[in-house]
Amino acid sequence: MIRISLADDHKLFAKGLEGLLEEHEDLLVMGLYANGKELIDEISTDLPDVVLTDLNMPILDGFGVLEFVKKNHPHIKVVVLSMYDDEKIYKKCLHDGADAFVLKDADPDELVYTIHEVFEGRHLPNFMRVIQQANQSSFFDAFREKFKLSRREVQIIKLIKEGKQNKEIADELNLSVQTIETHRKNIHSKLQVTSRIELVNKVQDMHL
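Rules and cut-offs
All residue numbers here refer to positions counted from 1 along the written sequence of the relevant chain. At least 70 in pLDDT is required for a residue's local features to be given in this predicted model, at least 80 for side-chain atom pairs to be given and counted, and no such filter applies to totals for whole chains, interfaces and linings, which use all residues. The basis for every side-chain value is the complete set of heavy atoms in the structure, and neither hydrogens nor water enter the calculation. Convention adopted: a line fitted to C-alpha atoms gives each axis, helices being fitted over their contacting stretch, and angles between N-to-C directions are expressed from 0 to 180 degrees. In this text, helices come from DSSP runs of H or I with a minimum length of four residues, and strands from runs of E with a minimum of two, each type numbered from the N-terminal end. The labels follow the angle: roughly parallel below 35 degrees, roughly antiparallel above 145, roughly perpendicular from 65 to 115, and oblique for the rest. By definition, turning the near helix anticlockwise from the far helix through less than a right angle yields a left-handed crossing, and turning it clockwise yields a right-handed one. Contacts were defined at the residue level, with two residues in contact if any of their heavy atoms lie within 4.5 Å. UniProt positions are given in the numbering used here, feature names are shortened, and annotations may be inferred rather than shown by experiment. Note that domain bounds follow an automatic or database assignment of domains. Reported buried area values correspond to the accessible surface (1.4 Å probe) lost by two parts on association, with both partners' losses combined. Every case where a carboxyl oxygen of Asp or Glu lies within 4 Å of a side-chain nitrogen of Lys or Arg is listed as a salt bridge. Polar contact is the term for a pair of N or O atoms within 3.5 Å; when the atoms are in protein, one must be able to donate a hydrogen and the other to accept it, and sequence-neighboring residues count only if both atoms are side-chain atoms. Any residue that is not Ala, Val, Leu, Ile, Met, Phe, Trp, Tyr, Cys, Pro, Asp, Glu, Lys or Arg is counted as polar, Gly included; the first ten are nonpolar and the last four charged.

Under an unreviewed UniProt entry, the name given to the protein is DNA-binding NarL/FixJ family response regulator, and the source organism is Algoriphagus iocasae.

Peer 1: Hey, could you run me through the packing of helix 8 (residues 151-161) against helix 9 (residues 166-173) in this one?
Peer 2: If you want to describe how two helices pack, look at the angle between their axes and the distance between the axes. Across the interface, helix 8 lies against helix 9 with an axial gap of 10 Å and an inter-helix angle of 130°. Here helix 8 lies oblique to helix 9, going by the angle between them. Considering only the axes of helix 8 and helix 9, their crossing is right-handed. Residues Arg152, Gln155, Ile156, Leu159 and Ile160 of helix 8 form the contact with helix 9, whose own contacting residues are Ile169, Glu172 and Leu173.

Peer 1: Got a minute to help me understand the environment of Gly36 in this structure?
Peer 2: Relative to the elements of secondary structure, Gly36 occurs in helix 2 (residues 36-43). C-alpha of Gly36 to C-alpha of Lys15: the two residues are 21 residues apart in sequence and 16 Å apart in space.

Peer 1: When you look at the UniProt feature "modified residue: 4-aspartylphosphate" (unreviewed entry) in the protein in this model, what are you seeing that I'm missing?
Peer 2: According to UniProt, the positions carrying the feature "modified residue: 4-aspartylphosphate" (unreviewed entry) are Asp54. Position of Asp54 relative to the elements: it lies in strand 3 (residues 50-54). Residues contacting Asp54, with those up to four places away along its chain left out, are Ala7, Asp8, Asp9, His10, Gly62, Leu81 and Lys104.

Peer 1: Would you take a moment to explain the domain arrangement of the protein for this structure?
Peer 2: It is common to give the size of an interface as the accessible area lost on bringing the parts into contact. As far as domains go, the protein holds domain 1 (2-136) and domain 2 (148-205). Between the C-alpha centres of domain 1 and domain 2 the distance comes to 27 Å. The interface of domain 1 with domain 2 comprises 18 residues on the first partner and 14 residues on the second. Together, the buried faces of domain 1 and domain 2 total about 1300 Å²; carbon and sulfur atoms form 37% of this surface. By the criterion of area lost to domain 2, the three top residues of domain 1 are Tyr113, Arg122 and Gln132, representing 40% of everything that side buries. Linking domain 1 to domain 2 there are one salt bridge. With a shortest N-O distance of 3.0 Å, Glu110 and Arg152 are connected by a salt bridge. At the junction of domain 1 with domain 2, the criterion picks out six residue pairs in polar contact (both at pLDDT 80 or more). When grouped by side-chain class, the residues that make up the side of domain 1 that touches domain 2 number five nonpolar, five polar and eight charged.

In structure tokens form, the structure reads like this:
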């Protein structure tokens, strides 16, 4: 079980995110906090494994949360949630100790995978991965909707179709090989295929 604390001053976003995360039986949201001060006032009495924090909050912002957590509880992982794919902000977050940086409009599964990666110590920070979180197209969305695929899963299908192996896909998408393997298992399940050949044949006529 991965225990999570979330600081974000947008209540609807926070509650929605809590619901999405708790659809996964190994994720537990311990508390929602409207600002960084509320979070750090509570965090020492019941330590989470992972803190999710917005950057722009009243009283104490996400940078304040980062500073407090990394100084007082360095073992706790911190994932920054941001509206902005700004490289300067990204670099400052990493410099201040953030373990990962996820855009607020990324697929929910991107955040879920990132939480697992940082918890297991296999996250590979890379700004291009942040940029990729926001890339999409109309066909991309139609394909995703039909098969209930995530953005990341469609990207991986494209690379599989190009003949790339797990290590090559991992390098291109700035993910770990283990994460790619997990994605492939999910893709096979959703498309109801059991091999790479079946997968390629299934998407061949879709011009993906």
